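Residue-level listing of the chains:
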Amino acid sequence: MELNEIDDDIEAFLVESYENLNQIEGDIIELEKASDNGEALVRIYRSLHTLKGNCGFLPFPNLESLAHAGENLLSCLRDRTIAITPEIISTLLQTVDSIRQILAQIQATKHDGDVYDGLRLRDYSAIIVALTRLSETKQTPKASQLPVNTQTPQKDTAASESVEALNNELTEISTTTSESAYIRVNVNLLDQMMNLVGELVLARNQIIGFSTKFKDNSFAATCQHLSLLTAQLQEGVMKTRLQPISSIWQKFPRVTRDLAIASGKEVEVEMEGAETELDKSIIETIKDPLTHLLRNCIDHGIELPAERVACGKPSVGRLFLRAFHESGKVNIEIGDDGRGLNLERLKGRAQQLGLVNAVQAATMSESEAMNLIFLSGFSTAEQVTHLSGRGVGMDIVKSNIEKINGRVEIYSQQGQGTTFKIKIPLTLAIIPALIISSGSDCYAIPQTSLLELVRLEALNSIEILYDVPVYRLRGNLIPLIYLNEVLQQDCVSNLETLSLVIVQVDNYRFGLVVDTIEDIQDIVVKPLGRQLKALSLFAGATVLGDGTVALIIDVVGLANRTSITAKQKQLLSENAVNSQEQAGDRQTILLFEGPQGARMGIPLAIAFRLEEILASAVEKVANQNVFQSYGQILPLIDLYKIFGDCDRLNDQALATVAETLQIIIVSPYSELSVGLVVDRILDIVEEPLTIKGIPSRPGVLFCAVIQGKITEILDIETVIRIANPHLLQLATHG
C-alpha cells in the first residue's frame, strides 16, 4: 500500500473514531443517570467494538488492547453479570480520555507505541488493568438470568463476539441506504468554495451596478436571474459549512459532571435546540467562551446541596442551555437556578480591586453593576482555585463574542439564578451591511449593529449636553459621533441636512453622523492585511459593485476609540427624567405614505425590516405576487390594491412602474411575513396615542393624531385577509 494511501486511511480512521468517542462519552453520562438504560449500553459496546475492529486494519496495537479491555467490561455490563457502579462509570470515562489521548498521538505521529523516535510516550497499561479487574469482579447472577459458564471463558467470549459480529453486519446492511446519502468533505475544500462564492457575489454586485445605467429590459431580467442563482448558490454553500451546536454541547454533560464532583455539588444539565446550526468558523470561536460560562455557572452560581436545601430548593442544581434562531441571528442562553448576582457585593468588590470609585459605584444601574463581571481582573473569589479566582475569563468571553459581531447580556435575580444571553450571526463570510460615505470614501456597517436611520432637516435639533452633541430621539438622548472627525476628514459638505445611523453597542445606543446613506447589500468580508490589523476602527474590508474598496467599521472599536459609552452613562440620568415626564400610553409607530398621499402607520413591533427592490424582481406564483429576500420567498401586497383603485403589481403596470419599490416587511405572526408596497417611508415616532378616532375604512384599525396630523393605523391582519385570506389560514393553523 502506498504511503499516501495509508495517510488517507489514518485520517478517515481518526474522523470516525472521534465521532464514536463523542457518542460513547455522552452515552456513559446517560448510563450514570439511568443504569437500566440498555440502549446506551448497546451503543457504547458497538462503538468500542467498531473502534477495536478498525484498529485491526491499521498498526495500532495499544489502542486495540485498550478498546478490547473496555469492550470486555461493557460485555459484562450488557449481560448483567456485574452491576454499574460509580467506580465503573469513572473508569469508563478515564478510558474515553485515554483513547482521546492516543488518537491525538496518532494524529501527530501516525504511531501509538509506548516509545516513538526515542521519546517516552504515555503508558496506558494501568487503565487496562483497572478495566480487566472490574470485568473479572463478577457478581452472582439473579435467578432470572442465564448461568455463566466460567469454565470456558474463551469459548463464551468467542461465541459472543461471533453473534455480535453478525448483529453488527445486519445493522450495517439495514443502514447502508441511509449512510450512502452522506459523504465526508475536507473543510479546506469548503473554505475554497466559500471564497469562490464570495468572489461571485462581488461580480454579481458589479453587474447589477452596470444594469442600472442601461435601460435594457432583457439585460435587467438576465441580471435578476443571475442574482437569483448567485443567492441560491451562496445559500447552498453556506449550508454545507453549517454544523449543529450539539458538536460542542455534547461535551458539556461530561464537563458538568467533573466540575460538580470537584466542587462537591450536584448538577443536572438540560439542553434545548441542540440541532441549531452555525457556521463552522463560529462554532470554533464560541467553544471556549461557552465552556467558561458553563464553568462560571457551576462554580459561582449553583449552591452547595446543603445551602440549596436550606433555601427551600432541590439539592440538585439546574443548568440549562438553549439555542434558537431569531431575526437572522443565533441566540444562545446558558443559565442556572443558583444564588444569582449580589449587585452590592459586585460593586464593593470592584471598588476593592480599584476598578471603579465610590461615586461610580453609587450611580450605577443594575445592568452596569452586572456587567462589572466582564471587567479585566474582576473576580468575586477570595482565593484562587483550579476553577476560578484569577480575574481572567469573563472579559475574554465578552471580547471573543464581540470579535464575531456578537453580543452577550446578563439577566440575574438574587436567589433565583443567572442567565447569559448571547446573540451571534449565522456566518461571517458574507453579511448584509449598510453602505455609507464620509468624505470621498465609502464604508460598510454590519446590519447586526443597526437600529434605525434618521435624516435631520434642521440642524438646531442637535443639542450640547455635558460637552456631548446629542439628538433627542423619541424622548431619549442619543450621543452623536461625527465620523469625518474620527477619520480626520474634511467637514460634511451638506450643512442643510444630517444623516444619522443609530447603532447599538452592549446596552448603549449612539448616532453616527455620516455624509450620505446608500443602501443595504450583501458584502464579502475580506480580512485586513498585517499592516492594518492594529486599526481598531475597522473589522475588515470589502469590494463594492463599482470595484472600489470599502472598509468595514467595527462599531465596538469605534465606541471604545471615542469613549462614547462613558458619555452615554452621563446621559442616563437625563434620559430617566425624560422618561418620567413622558410617561403615558406611548407607542412606537412606523409612518409611511400610502395610496393617494394618505398618511398611514403600523406598530414598529411588527415591522421586521425595510427594503427597496427592483420592480423587475417581482414574480408571480399562481395569483400571488412574491419576491425573494435573504433566502426567503415572501408574499407581496400592494396597498393600492387594498385602499386604491388599481394594482401596480400586475403585468401591465410593472412595465410602467418606477424602477424601485419601497417595501415594509411585516410579521404579524412568527410563521408569517409579508411585504407591503408603500409610496414612501416618512418617520419612526414614539407618541402617546391619546387622540383616537373610529376606523375610516376596512383595513384600518383606528385613526390617530400623530405629529399634529391625522394618521390611519393599519390593521395588518385585515389587510392580509383582504389580499389573500389563505396566508392567514396557513399562519394560524400551520
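Quick note: structure is the one above.
Predicted model only: the values in this text are computed from it and were never measured.

**A word on the overall build of the chain**
Item 1. If you tally the helices and strands in the chain, you get 23 helices and 32 strands.
Item 2. Counting the 734 residues in the chain, one finds 43% classified as buried.
Item 3. Sequence-distant contacts, at least 24 apart, represent 67% of the contacts inside the chain between residues at least 6 apart.
Item 4. Within the structure as shown, the chain displays about 37,800 Å² of accessible surface, and the carbon and sulfur contribution to it stands at 53%.

**Here's the deal with empty space enclosed by the protein**
Item 1. Taken as a whole, this structure holds two cavities of 30 Å³ or more when the rule is applied.
Item 2. Here the largest cavity defines a volume of roughly 230 Å³.
Item 3. Going through the elements one at a time, β16 (498–505) and α18 (555–562) are the ones with two or more residues in the lining of the largest cavity.
Item 4. Split into classes, the residues belonging to the lining of the largest cavity amount to five nonpolar, five polar and six charged.
Item 5. Its boundaries defined by the atoms lining it, the second largest cavity holds a volume of some 40 Å³.
Item 6. If you go around the second largest cavity, the residues you meet are L21, I24, I28, I44, L48, L92, T95, V96 and I99.
Item 7. If one sorts the elements of the lining of the second largest cavity by residue count, helix α4 (residues 86–109) sits on top with four residues.
Item 8. Its residues placed into classes, the lining of the second largest cavity shows eight nonpolar, one polar and no charged.

**Description of the sheet that holds strand β19 (residues 538–543)**
Item 1. Read from one edge to the other, the open sheet built from five strands follows the order β18-β10-β11-β20-β19, with strand pairing classed as mixed. Whereas interior strands pair on both sides, the edge strands pair on one side only; in this sheet they are β18 (516–524) and β19. Strand-to-strand, the axes of this sheet are offset by a mean angle of 35°, without reference to chain direction.
Item 2. Where β19 and strand β20 (residues 549–553) come together, five bridges link them in antiparallel fashion.

**Overview of helix α3 (residues 61–78)**
Item 1. The first and last C-alpha atoms of α3 sit 25 Å apart over 18 residues, in line with the 26 Å expected at 1.5 Å per residue.
Item 2. Among the residues of α3, those classed as buried are L63, L66, A67, A69, G70, E71, L73, L74, S75, C76 and L77.

**Section: the pairing of strand β15 (residues 476–482)**
Item 1. β15 sits mainly inside the fold: five of its seven residues count as buried.
Item 2. In terms of strand pairing, strand β14 (residues 468–473) meets β15 through four bridges, oriented antiparallel. Counterpart to Y471 in the pairing with β15 is I478.
Item 3. Bridging between β15 and strand β17 (residues 508–514) involves three bridges; their strand directions are parallel. Residue I481 lies in a different strand from β17, and its bridge partner there is L512.

**A short note on the pattern of salt bridges**
Item 1. Under the criterion given, the structure shown has 29 salt bridges.
Item 2. Note that R254 and D258 form a salt bridge whose closest N and O atoms lie 2.9 Å from each other. Linking R254 with D258, this pair stays in helix α10 (residues 252–263), spanning four residues, or about one helical turn.
Item 3. On the basis of relative accessibility, which here comes to 9%, the residue R254 falls in the buried class.
Item 4. Among the ionic pairs, E344 bridges to K347, the shortest N-O distance being 3.3 Å. Placement of the pair is E344 and K347 together in helix α13 (residues 343–352), with a separation of three residues, close to one helical turn.
Item 5. A residue is classified by how much of its surface remains accessible, and E344, at 54% relative accessible area, is exposed.
Item 6. Looking at K347, the relative accessible area reads 12%, which means it is buried.
Item 7. Among the charged side chains, a network of salt bridges with common partners joins E25, E32, D97, R100, R254, R257 and D258.

**Section: the side chain of T256**
Item 1. Secondary-structure assignment places T256 in helix α10.
Item 2. The residues contacting T256, other than those within four sequence positions of it, are V267, V269, L294, I298 and L319.

**Side note on the nonpolar core**
Item 1. Counting residues in hydrophobic clusters, the biggest one holds 46 residues, and the most contacted among them are I245, W249, L278, I286, L290, I332 and I424.
Item 2. The element contributing the most residues to this core is helix α11 (residues 280–301), with eight residues.
Item 3. Filtering out sequence-adjacent residues up to four positions away, L278 remains in contact with R241, L242, Q243, I245, I283, I286, V330, I332, I424, P425 and L426.
Item 4. In this structure, I28, A40, A67 and I127 belong to the second largest nonpolar core, which totals 39 residues.

**Quick look at the packing of α11 against helix α16 (residues 394–403)**
Item 1. Remark: α11 packs on α16, axes separated minimally by 9 Å, with the N-to-C direction vectors making an angle of 145°. Crossing of α11 against α16: the hand is left-handed. Only M394, V397, N400 and I401 of α16 make contact with α11, whose side of the interface consists of T285, I286, P289, H292, L293 and N296.
Item 2. The residue makeup of the contact of α11 with α16, split by class, is six nonpolar, four polar and no charged.

**Here we look at the sheet that holds strand β7 (residues 329–336)**
Item 1. Spatially, β4-β6-β7-β9-β8 is the arrangement adopted by the five strands of the open sheet, whose pairing is mixed. Two strands close off the open sheet at either side, each with one partner strand: β4 (267–272) and β8 (407–413). For this sheet the average axis-to-axis angle between neighbouring strands, irrespective of direction, equals 15°.
Item 2. Seen against the sheet, α10 touches β4 and β6 (317–326) and runs at an angle of roughly 160° to β4.
Item 3. Against the sheet, α11 makes contact with β6, β7 and β9 (417–425), and its axis sits at roughly 20° relative to β7, the strand it touches most.

**Quick look at the environment of V187**
Item 1. Relative to the helices and strands, V187 is located in helix α7 (residues 187–211).
Item 2. Each C-alpha atom of the pair V187 and R241 lies 8.1 Å from the other, and the pair is 54 residues apart in sequence.

**A few points about a nonpolar patch on the surface**
Item 1. The grouping of I183, V185, L189 and M193 at the surface amounts to a nonpolar patch, some 370 Å² of accessible area in total.
Item 2. Relative to the elements of secondary structure, I183 occurs in the loop between α6 (153–179) and α7.
Item 3. Classification of I183 as exposed rests on a relative accessible area of 71%.

**Some points on the pairing of β6**
Item 1. Note: β4 against β6, six bridges, orientation parallel. Bridge pairing links E270 to F320 in β6.

**Some details on unusual backbone geometry**
Item 1. Phi at Q596 takes a positive value of approximately 55°, unusual for a residue other than glycine.
Item 2. By the secondary structure assignment, Q596 is in the loop between β21 (586–593) and β22 (599–603).
Item 3. Although it is not a glycine, Q707 sits at a positive phi angle of roughly 55°.
Item 4. One can find Q707 in the loop between β31 (700–706) and β32 (709–714).

Conventions we followed
Residues numbered from 1 in each chain as written. Predicted model: local features only at pLDDT ≥ 70, side-chain atom pairs only at ≥ 80, totals over all residues. Heavy atoms only, no water. Helix = DSSP H or I, 4+ residues; strand = E, 2+ residues; numbered from the N terminus. Buried < 20%, exposed > 50% of the residue type's maximum accessible area, 1.4 Å probe, protein only. Contact = heavy atoms within 4.5 Å. Areas by Shrake-Rupley, 256 points an atom, 1.4 Å probe, with all protein chains shown as cover. 1 Å grid on protein atoms, 1.4 Å probe; cavity = no way out; pocket = protein on both sides within 12 Å on 5 of 7 lines; lining within 4 Å. Points joined across faces, edges and corners; volume = space filled by probe spheres on them. Nonpolar A, V, L, I, M, F, W, Y, C, P; charged D, E, K, R; others polar. Pairing = 2+ DSSP bridges. Axes fitted to C-alpha atoms, helices over the stretch in contact; angles between N-to-C directions. Expected span 1.5 Å × (residues − 1). Salt bridge = Lys/Arg side-chain N within 4 Å of Asp/Glu carboxyl O. Core = buried A, V, L, I, M, F, W, Y, C linked by side-chain atoms within 4.5 Å. Left-handed = near helix turned anticlockwise from the far one by under 90°. Patch = residues over 30% accessible without salt bridge, like charges linked within 9 Å, V, L, I, M, F, W, Y side chains within 5 Å.

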